[in-house]
Amino acid sequence: STPLHYAEIVPARYVLAILGSIGMAIVYGLKVNLSVAMVAMVNHTAIKAHHDAATITISNISSPASGVEECLPPGGSSVAAKVEDGPFDWSEPLQGTLLSCYFWGYLVSQIPLAHVAENFSAKWVMLFSVAINVVCTLLTPVFTNLHFGGLILMRVLEGIGGGASFPAMHVMIASWAPPTERMVMSTIIYVGTSAGTALSILLAGVLSAQWGWESVFYVMGCLSCIWMVLWVILVQDNPKKQRFISPEERQMITSSLGTEQKVEHHPSVPWAKVFKSIPFWAILIAHTCNNFGWYMFLIEIPFYMKQVLKFNVASNAALSALPYFPMIIFSIVLGKVLDSLQSRGKISTTFARKTATSICTLIPGICLLALCFIGCRHYDAVAIMSVGIVAMGAMFSGFLSNHIDIAPNFAGTLVALTNTAATVPGIVVPLFVGNVTHGNQTIDAWRIIFGVTIVLFAIEFLVFVIFGSGSEQPWNKSEGPKDPEAKDEKTPL
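Residues numbered from 1 in each chain as written. Predicted model: local features only at pLDDT ≥ 70, side-chain atom pairs only at ≥ 80, totals over all residues. Heavy atoms only, no water.

Student: Explanation requested: the pattern of salt bridges in the structure shown.
Tutor: Where charged atoms from two side chains of opposite charge come close, those side chains can pair. For the structure shown, the criterion picks out nine salt bridges. A salt bridge links E181 to R13; the shortest N-O distance between them is 2.8 Å. Here R13 lies in helix α2 (residues 12–41) and E181 lies in the loop between α8 (165–176) and α9 (182–190), a separation of 168 residues in the sequence. R13 matches E181 in its accessibility class, with the two residues each being buried. Three or more residues joined by partner-sharing salt bridges are found here, namely R13, E181 and E249. (Salt bridge = Lys/Arg side-chain N within 4 Å of Asp/Glu carboxyl O. Helix = DSSP H or I, 4+ residues; strand = E, 2+ residues; numbered from the N terminus. Buried < 20%, exposed > 50% of the residue type's maximum accessible area, 1.4 Å probe, protein only.)

Student: Would you explain the packing of aromatic side chains in this entry?
Tutor: For the coordinates displayed, the defined rule picks out 18 aromatic pairs. The structure contains a cluster of three or more aromatic residues connected by ring pairs, namely Y102, F103, Y106 and Y295. Here K31 stacks its cationic end above the ring of Y28, 4.1 Å away from the centre of that ring. We note K31 situated over the ring of Y106; from NZ or CZ to the ring centre the distance is 5.1 Å. (Phe/Tyr/Trp six-rings, centres within 6.5 Å; stacked < 30°, edge-to-face > 60°. Lys NZ or Arg CZ within 6 Å of the ring centre and 35° of its normal.)

Student: How should I be thinking about the nonpolar core in this particular structure?
Tutor: Nonpolar side chains in soluble globular proteins tend to be buried together. One finds W90, M169, W231, W294, M385 and L414 to be the most contacted residues of the largest nonpolar core, which totals 141 residues. For this core, the element with the most residues is α2, which contributes 17 residues. Filtering out sequence-adjacent residues up to four positions away, L414 remains in contact with V274, F280, H403, I406, A407 and W475. (Core = buried A, V, L, I, M, F, W, Y, C linked by side-chain atoms within 4.5 Å. Contact = heavy atoms within 4.5 Å.)

Student: Looking at this model, I keep getting lost on a nonpolar patch on the surface. Mind explaining?
Tutor: Residues V142, L146, L203, Y218, V219, L223, I226 and L230 make up a contiguous nonpolar surface patch of roughly 710 Å² in combined accessible area. Among the secondary structure elements, those contributing two or more residues to the nonpolar patch are α6 (122–146) and α11 (213–234). Broken down by element, the residue count for the nonpolar patch peaks at five residues, all from α11. (Patch = residues over 30% accessible without salt bridge, like charges linked within 9 Å, V, L, I, M, F, W, Y side chains within 5 Å. Areas by Shrake-Rupley, 256 points an atom, 1.4 Å probe, with all protein chains shown as cover.)

Student: In this structure, what is going on with the environment of A458? I would like to understand it.
Tutor: Relative to the helices and strands, A458 resides in helix α22 (residues 443–467). Given the relative accessible area of 40%, A458 is considered partly exposed. As for A458 and T361, which are separated by 97 residues in sequence, their C-alpha atoms are 7.1 Å apart.

Quick look at the structure:
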């Protein structure tokens, strides 16, 4: 029969991984497109006029200020091409609010939707996540033109949808990934966040430069609709429900996960044990500190390049997106290397997670330190930022898939808990940057911002390396009927 013939060529678990990756790319792409579109939406000249003329602001025109290091646009001319102005006169603090309000929705939706994903269906939760983002993106231009409150409403609703994506995918990975492929499958899926970010930054830059800021939302929203059809048809919650799968693959996955017998009872979350678990707290602290750095690179670096280094919108978008493509390759290669070392018994899961987490903290921290001293050397600054972003890709094989090691039964809930805490930086970063740089778009202001981020990377590194673990925790099987299934860490996953 056709479905089986197709299933023998393409393993069903990798169909899930690739569609999952594209789904994450859509959620992240629709999250960051505003950061780039915003540069084309605000009226920089009007905002500049609100400040004292001597103050250095976000316009592309270099205004000398006594004793402050001020960059000229690349190429050295003191005046860049015409300042690109949009229709909206929004102050920096308001811009910060517009960028951070996405996370208000993200904050409240994760834990309830993780519960739905674990107990009912992760497939449909993920579909909801993408669908609400697509609808709100298509409505964004209409609501924004009415009032900036309309934009806030759309972003909060997108955040509610976005909050469902990580818990839903963690539940899917726990049901589909054989332990020896867990790192590589997690990486393929979550690297979609980087791919979506990169493509969104590039596309938003091109669209806003060519056809105006509204086109960013219309084009991206329409393209995302195709995925929804494929997801409904080709993906199921677990191998037992999947039609498009070979019997061999189904048997291989269920036996490796110990899920041949259907366990109808989903154990209830042992909340007290979770909150007393040191490995869980190590993930939570690592996730929160790392997200501060991640959002710094994701949301604020385009502003740094426009306001301090004076790149124009199109080259800003291209240079901001550049590092995400090597990051994708680096993340997948690292995941594959760590998986294969682990399956050969050379390293433990714990060692693999700590190695990956060390890479995604130490290298970006060093890069931000270098940025503090590089001054106006435009392309050196871009190169350093790129190295930092590529190294951040190690997080997918590090703390970010660690929840599935310590408690596969509760992976959705655990990632919802840590990602809820890690959402706070998403709210704080734009507000923090907006306030530090308010009427003060200088390298000195950004040194303060980078310094705070470096300290948080250092905390993450120390906490995870000392307290992190890749071993399944006893409380994973502590409640509900006896599970013959959950295996000991032989692989050692």
